[in-house]
Amino acid sequence: MTQTKNNSKSILDSAILWKAVIDSFVKLDPRVQARNPVMFVVELGSVITTLLFFAALSHPGEAAPTFIFSISIWLWITVLFANFAESMAEGRGKAQADSLRKSRKDVMAKKLAEASLKSAIKAVSASELRKGDIVLVEAGDTIPCDGEVIEGVASVDESAITGESAPVIRESGGDRSAVTGGTRVLSDWLIVRISANPGETFLDRMISMVEGAKRQKTPNEIALNILLAALTLVFLLVTFTLYPFSSYSASVSHGQPVSLTVLVALLVCLIPTTIGGLLSAIGIAGMDRLIKANVIAMSGRAVEAAGDVDMLLLDKTGTITMGNRQATLFVAAKGISESELADAAQISSLADETPEGRSIVVLAKERFSIRERNMQELDAEFVPFSAQTRMSGVNFDGREIRKGAADAVEAYVLDQGGTYPEEVREAVDNIARNGGTPLVVSDRGRVLGAVQLKDIVKGGIKERFAALRAMGIKTVMITGDNPLTAAAIAAEAGVDDYLAQATPEEKLRLIREAQAGGRLVAMTGDGTNDAPALAQADVAVAMNTGTQAAKEACNMVDLDSSPTKLIEIVEIGKQLLMTRGALTTFSIANDVAKYFAIIPAAFATTYPVLNKLNVMQLQSPQSAVLSAVIFNALVILFLLPLALKGVRYRAVGASILLRDNLLIYGLGGIVAPFIGIKLIDMLLSSLRLV
Amino acid sequence: MISSGVLQIILFMLVLFALAVPLGNYMALIYGYLPESKVPVKSAKTNALLRPFIAGENLIYRMAGVKPAREMGWREYALAMLVFNLLGMTFTYLVQRLQFVLPGNCEGLAAVSADCAFNTAVSFASNTNWQGYGGETTMSYLTQMLGLTVQNFLSAASGLAVLIALTRAFSRQQVETIGNFFVDLTRSVIFILLPLSTVLAIFLVSQGVVQTFGGYVRYKPLEQMVEAAVPPSSSPSGAAPTVYKIARGPAASQIAIKQLGTNGGGFFNVNSSHPLENPTPLSNFIEMLAILLIPVALCQTFGKMVGSPRNGMALLAAMTAIFVACLALCYMPEQAGNPAFTAMGIEQNASAESSGGNMEGKEVRFGVANSALWAVATTAASNGSVNSMHDSFIPLAGLSPMLLMQLGEVVYGGVGSGLYGMLIFAVITVFIAGLMVGRTPEYLGKKIEAFEMKMSSLVILFPPMAVLLGTALAVSLKDGMAGVLNGGAHGFSEILYAFSSAANNNGSAFAGLSANTPFYNYALGVAMFVGRYALAVPVLALAGSLVRKKKVPVSAGTMQTDNWLFVLLLVGVVVIFGGLTFVPALALGPIVEQLQMIFTK
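Note that the coordinates shown come from a computational prediction; the quantities given were computed from them, not determined experimentally.

Draft legend 1. Representation of the overall build of chain B within the structure. Counting its regular elements, chain B contains 19 helices and 4 strands. Here the C-alpha radius of gyration of chain B, 24 Å, is about what a compact globule of 601 residues would show, namely 25 Å. On the principal axes, the C-alpha backbone points of chain B span a range of 75 × 60 × 50 Å. In chain B, once contacts between residues fewer than 6 apart in sequence are set aside, the share between residues at least 24 apart is 79%. A total accessible area of about 21000 Å² is found for chain B, and carbon and sulfur atoms account for 69% of it. Across chain B, the centroid of the 32 positively charged side chains sits 14 Å from that of the 27 negatively charged ones.

Below is the structure:
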């Protein structure tokens, strides 16, 4: 099951499409519409015009029945389009939820009386498990519920949740002790303490999130809704009072007051139906994009907050640098050739399986084409690293090669009766200053030179940070290194600040200070010791591989456990807000053209001279009103892909973003309807529909 | 070549801005100093100058039992403002009703009618100064001085207080209080309004504005006039109808604050076109400066107090952009003249002898440029005084002052109220535009969230509601239609203008509408009340919410609110919101009138 990976379904997936079409009609229920004041008013208008149509059929109405009918139909279509937009967005989430739900099938759990293999096993349904229960899960079993491993080690297939097919190791203690219900143990066994009651598990939360079942409006969405409701109210007033104005005008001039149908049409055209119809789709689609990025947000609020984040705390290892240090340089002592040093360093590292050791072997091979030799052939004796000696090495052929921390090797050499050369001391200091870790290699009492191990800053990360800076986001590198090393790496990676020798308390303090200064902080964490900082951060992303404590404290979980995911999340948050702003601007800007279409038409009989304002040269008053209404409906459908995909986000400063979006959606919003309404009018009159 | 009219306008703008900056800085100083620190500045010289004022301020606190160091939360602040204003309203009402038994009534004027007294009390307390009555035939000297002039000061000071409270909401963070209403009120009067009015009143007297307790002057003309500007005396003494009266009174002292406090209620019926209110082109120029001076200077005060003068200047730039556009909209058709007059062979071109243009309803001593500038300045600032009859403007030119009021009186606007209205638009602008840069919107570091949008929505919702519903009511009722003196679309314009003026607390009258009837007195009274207090309370609530928030530090991701892009956006939002609301109504009034004038033969 790899649904989360392969969810880049096209917008026009036919199953979702059909479901959405049906849903659009189901959602005509006024109780559903009442949640959205803008569309509720449109539906009300549809009902009124429908009634007017039937009234016009039986006795002469305020306008030709065909005209009222056309307006009424298009008003209904407007509501349906808005419903369709929401259903489409929901549909994509629902499809995911369905496949997730399949993995939640009820399994039988092996409940233990106590945390021991010897304890009696009682088979119970997973749904009967409660927090604190202890269960045994053996190879081939599905883990019945979220929990923490208290004994055992096993490989677990978590593809149901993460979409990642490679099994992961879960074991008691440490940062890999959390297991998720619905995943499967492939080998060995685990004793798990259940940490969630049924219905509250990670999978449950994930389903409800993607499904949007308990979708609550986010703070910014609420604020925008208030503005839209206020605008709707203003335009309701405008059209409501236009009737007395118009009958006064008709009484002092001539002709008929404006018809109710035209008033309803004007109202629907003026109220922000474009954004009103697409608003919930934008929100759902934002969550959807997050899910596509394999991140599960625990609340919509967190997604919005991500757009606001102005400080990122990033772990050095894995995010900014490659996972491990690598050998990058050999500095030979006086009288020793570099290849000689490389050769000794390589031999001493052959048995060293740590990544650092491997990198020395590789560097020696690359630089001096020194082949790896077989330890057996050399008849060498490997001296493993120990905390006491802080060295490792190899004895063979009468040689005693050691490599290790500078001070350890120095003590060793002096003990052997050798001398510690000054130039090596200098080299060691130099390496440390440049952010590297020095290793000194010696052979008995002779110092051969130093090896520089260095953190390798990931390619392209510096540009990424520059982009973040342009967006106004400050990056802080978190590392356990000493300040000297940290500063060097920070400079190389281009982060704005760093926290060296970071402890959980230090991290928490840093976040609190930043927040007191008004900043919104985002961070990624996986370990239990990250939990306090995660709980304090505004946007806290826990790795899916992380501990239960970390997952509890976060408001998003990254299923890929990718340390750079945070940057993507910020972009998704920004994109969500931008899409809302752009469509609001577009929606309001549209009104200018609609006035030019409808006002001359509405008062055509009272003040024919107002036709001078008919700058679009629309064919007839009826065609003008109808064209405006049709445009208003169609624009929802045209902008639906944009609402679902989101406005393109570029990592540039706010001023440039604003200028560009204003040009596209502000100016575009003014111009587009002039063209659109004119085209529809031409089409209507060429088809003789009005 | 630039015409002399345009030159006068440019000169006016330059002098205005030159005076506004120092005044703005001074006001920031006055509102900024804390009662504990006793003195506003370190400079001993300035303090010596201010010492008498400070003494007066403290005297008032002692007398009133105000503890100046005790600050108020927004609810208490709003309550203090409301109760204080209601008391002022009641007092003004009673003075009018009882003027016939009170002293200072040398003409023996009767009690003001209940509806008119209600209207006038609300009008002056709400800084609207709509006048349904004629001053010299209705109000005694005591009423003018004790009722109206006092309210001129207090309504302006109330507006200032609300603005300063909102300003503090931006400059402070994570506190509950927004200042002490009584301190802000007292300082507004003692340090700003009183000194400026005194200087202006003395200047006006030098120009010939009357200031006396002597009664009206009676005279017998050498020749019998055919048509009298002042109606023949009907005094109880039963003098012969050939005796005429020239109304006088303590006018200069009231006119000074009427202009400075963006009040606009004239001492005499014809307001600032009256030769004893506005006698010379120089008095006209200085009065126009007085009208816009404080509202313009407040932008500087705001910028200074929130620690970013550029932000204040951005607001000022947006206001000025709309002002200049509306001025052009008013001045150009006026100067071009009325095609109907041209058809009658009336010379309307500017020449050495005449300023040319449409002179109907204008004073010859002011001409077209100063009439248009006055009309735009008074409707931009919620002043509402007139020196020409807007009713007689070319329709498009008449649309300009009407639109300025309908935009919500935020282009300079009333003293205090103009800027706080504009700040609400800034909040809305930031909300829409801020979303477009992908952040929860913030203005001056304060996040704009649901509560702020709710309050802002109320502020932009109430005035149009009062204008549109009031106008709809008037055109639907017999009582409303009874007051309309002109037929056709122009009659509609007159009613629309009256409600736009009242609900936006301007007080400007289009003329051509007999508004001293119970219907209009009550309807416009309610509109004025809503337009003032239904806005001030949400503004204070907004302040109460903002003052609690942290200030988000500025970064590259922050939307700038002190650059041209923001100015452009703010102008766009003000024009689009105001425009979209009133386009249909305007189309049935001045727009159709203009089209009829051009296209109907």
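Draft legend 2. Here's a closer look at the overall build of chain A. Counting its secondary structure elements, chain A contains 25 helices and 21 strands. The C-alpha radius of gyration computed for chain A amounts to 34 Å, which surpasses the reference 26 Å derived for 690 residues by more than 25%, pointing to a less compact arrangement than a globule. For chain A, the C-alpha atoms occupy an extent of roughly 120 × 65 × 45 Å along the three principal directions. The buried share of chain A, taken over its 690 residues, is 57%. In chain A, the share of contacts with a sequence separation of at least 24, taken over all contacts with a separation of at least 6, comes to 69%. Per element, the accessible surface of chain A, about 27400 Å² overall, is 57% carbon and sulfur. When the 67 positive and 73 negative side-chain charges of chain A are each reduced to one mean point, those points stand 7 Å apart.

Draft legend 3. Summary view of the nonpolar core. If you look at the biggest cluster of nonpolar residues, it comprises 319 residues, and the most contacted ones within it are Phe323 and Tyr443 of chain B. No other element matches helix α19 (residues 564–599) of chain B, which puts 17 residues into this core. Residues within four places of tyrosine 443 of chain B in sequence aside, it is in contact with Phe170, Phe302, Asn311, Leu315, Leu423, Ala426, Val430, Ile448, Thr561 and Phe566 of chain B. Counting residues in hydrophobic clusters, the runner-up holds 34 residues, among them Ile360, Leu363, Ala364 and Val394 of chain A.

Draft legend 4. Layout of the sheet that holds strand β19 (residues 521–525) of chain A. All names here are of chain A. Reading across the sheet, the 7 strands line up as β9-β21-β20-β19-β10-β17-β18 and stay open at both edges, with mixed pairing between neighbours. Both edges of this open sheet fall to β9 (295–297) and β18 (497–499), since each of them pairs with a single strand only. On average, each strand axis in the sheet is inclined to that of its neighbour by 20 degrees, with strand direction left out of account. In the sheet, β19 pairs with strand β20 (residues 539–543) via 4 bridges, with the strands oriented parallel. Note that in β20 the partner of methionine 523 across the bridge is alanine 540.

Draft legend 5. Local environment of the environment of tyrosine 520 of chain B. Residue and element names in this part refer to chain B. When you line up the elements, tyrosine 520 lands in helix α18 (residues 518–547). By relative accessible area, tyrosine 520 is classed as buried at 0%. C-alpha separation for the pair tyrosine 520 and valine 210, spaced 310 residues apart in sequence, amounts to 31 Å. Each residue touching tyrosine 520, except ones within four places of it in the same chain, is listed here: Asn119, Ala474, Asp479, Gly480, Gly483, Ile495, Phe499, Leu513, Ser514, Ala515 and Gly525.

Draft legend 6. Expanded view of the environment of methionine 559 of chain B. In this structure, methionine 559 of chain B sits in the loop between α18 and α19. Owing to a relative accessible area of 9%, methionine 559 of chain B belongs among the buried residues under this scheme. C-alpha of methionine 559 of chain B to C-alpha of glycine 438 of chain B: the two residues are 121 residues apart in sequence and 9.6 Å apart in space. The residues touching methionine 559 of chain B, leaving out its near neighbours within four places in the chain, are Ala654 and Leu658 of chain A together with Val430, Ala433, Gly434, Val437 and Phe566 of chain B.

Draft legend 7. Local environment of the interface of chain A and chain B. Each side of the interface is counted separately: chain A has 62 residues, and chain B has 58 residues. In this assembly, chain A packs against chain B so that about 5200 Å² is buried in total across both faces, 78% of it on carbon and sulfur atoms. Between chain A and chain B we count 1 salt bridge in total. A salt bridge links aspartate 308 of chain A to lysine 447 of chain B, with the nearest nitrogen and oxygen atoms 3.9 Å apart. Linking chain A to chain B there are 9 residue pairs in polar contact (both at pLDDT 80 or more). Within the residue set of the side of chain A that touches chain B, elements represented by two or more residues are α7 (219–252), α10 (300–308), α17 (461–470), α19 (504–516), α22 (565–589), α23 (591–602) and α25 (654–686) of chain A.

Draft legend 8. Expanded view of the state of the cysteines. Tallied over the full model, the rule gives 0 disulfides over all chains. We note that cysteine 116 of chain B lacks a disulfide partner, and the nearest cysteine sulfur, in cysteine 106 of chain B, lies 19 Å from it.

Draft legend 9. Local environment of the packing of α22 of chain A against helix α24 (residues 621–645) of chain A. All names here are of chain A. Packing of α22 against α24 leaves a shortest axis separation of 10 Å and a crossing angle of 160 degrees. In terms of orientation, α22 and α24 fall into the roughly antiparallel class. At the point where α22 passes α24, the crossing takes the right-handed sense. On α24, the residues touching Gln575, Thr579, Leu583 and Phe586 of α22 are Val635, Leu639, Leu642, Ala643 and Lys645. Its residues assigned to classes, the contact of α22 with α24 comprises 6 nonpolar, 2 polar and 1 charged.

Draft legend 10. Representation of helix α1 (residues 14–26) of chain A in the model. Taking 1.5 Å of rise per residue, the 13 residues of α1 of chain A would be expected to cover 18 Å, and the 19 Å separating its terminal C-alpha atoms lies within 8% of that figure. Buried positions along α1 of chain A lie against α4 (65–102) of chain A.

Draft legend 11. Structural context of the side chain of serine 382 of chain B. All names here are of chain B. Secondary-structure assignment places serine 382 in the loop between α12 (367–380) and α13 (395–406). Given a relative accessible area of 2%, serine 382 falls into the buried group. Among the polar contacts listed, one links the side chain of serine 382 to the backbone oxygen of asparagine 505, at a separation of 3.2 Å. Excluding residues that lie within four positions of it along the chain, serine 382 makes contacts with Asn127, Thr262, Asn263, Glu409, Gly413, Gly414, Asn504, Asn505 and Asn506.

Draft legend 12. Just the packing of aromatic side chains, in detail. In the structure shown here, the tally under the stated rule is 24 aromatic pairs over all chains. Ring centres of phenylalanine 12 of chain B and phenylalanine 285 of chain B lie 6.0 Å apart, and the angle between their planes is 85 degrees; this geometry places the pair in the edge-to-face category. Remark: phenylalanine 285 of chain B occurs in helix α9 (residues 281–305) and phenylalanine 12 of chain B occurs in helix α1 (residues 4–32); sequence separation between them is 273 residues. Taking the relative accessible area as the measure of exposure, phenylalanine 12 of chain B reaches 0% and is therefore buried. You can call phenylalanine 285 of chain B buried: its relative accessible area is 17%. Through successive ring pairs, a cluster of aromatic residues spans Tyr77, Phe84, Phe181 and Phe182 of chain B. It is lysine 612 of chain A that lies over the ring of phenylalanine 599 of chain B; its NZ or CZ is 4.3 Å from the centre.

Draft legend 13. Seen up close, the pattern of salt bridges. Scanning the model with the defined rule gives 40 salt bridges over all chains in all. Across the pair arginine 31 of chain A and aspartate 29 of chain A runs a salt bridge whose closest N-O atoms are separated by 2.7 Å. The exposed category is assigned to arginine 31 of chain A, whose relative accessible area is 67%. Exposure remark for aspartate 29 of chain A: the relative accessible area of 24% places this residue in the partly exposed category. For lysine 362 of chain B, the salt bridge goes to glutamate 334 of chain B, with nearest N and O atoms at 2.3 Å. Here glutamate 334 of chain B lies in helix α10 (residues 309–336) and lysine 362 of chain B lies in the loop between α11 (339–343) and α12, a separation of 28 residues in the sequence.

Draft legend 14. Here's a closer look at the side chain of asparagine 395 of chain A. All names here are of chain A. Position of asparagine 395 relative to the elements: it lies in strand β13 (residues 391–396). Overall, asparagine 395 belongs to the buried group, its relative accessible area being 19%. Side chain to side chain, asparagine 395 and arginine 402 meet in a polar contact 2.9 Å long. Leave out the neighbours within four places in its chain, and asparagine 395 touches Asp379, Ala380, Glu381, Val383, Glu400, Ile401 and Arg402.

Each value, and the rule that gives it
Residues numbered from 1 in each chain as written. Chains lettered and ligands numbered in written order. Predicted model: local features only at pLDDT ≥ 70, side-chain atom pairs only at ≥ 80, totals over all residues. Heavy atoms only, no water. Helix = DSSP H or I, 4+ residues; strand = E, 2+ residues; numbered from the N terminus. Rg over C-alpha atoms; globule rule 2.2 N^0.38 Å. Contact = heavy atoms within 4.5 Å. Areas by Shrake-Rupley, 256 points an atom, 1.4 Å probe, with all protein chains shown as cover. Lys, Arg positive; Asp, Glu negative; His and termini not counted. Charge placed at Lys NZ, Arg CZ, Asp CG, Glu CD. Buried < 20%, exposed > 50% of the residue type's maximum accessible area, 1.4 Å probe, protein only. Core = buried A, V, L, I, M, F, W, Y, C linked by side-chain atoms within 4.5 Å. Pairing = 2+ DSSP bridges. Axes fitted to C-alpha atoms, helices over the stretch in contact; angles between N-to-C directions. Buried area = accessible area lost by both parts, 1.4 Å probe. Salt bridge = Lys/Arg side-chain N within 4 Å of Asp/Glu carboxyl O. Polar contact = N/O pair within 3.5 Å; in protein donor to acceptor, adjacent residues only side chain to side chain. Disulfide = S-S within 2.5 Å. Parallel < 35°, antiparallel > 145°, perpendicular 65-115°, else oblique. Left-handed = near helix turned anticlockwise from the far one by under 90°. Nonpolar A, V, L, I, M, F, W, Y, C, P; charged D, E, K, R; others polar. Expected span 1.5 Å × (residues − 1). Phe/Tyr/Trp six-rings, centres within 6.5 Å; stacked < 30°, edge-to-face > 60°. Lys NZ or Arg CZ within 6 Å of the ring centre and 35° of its normal.

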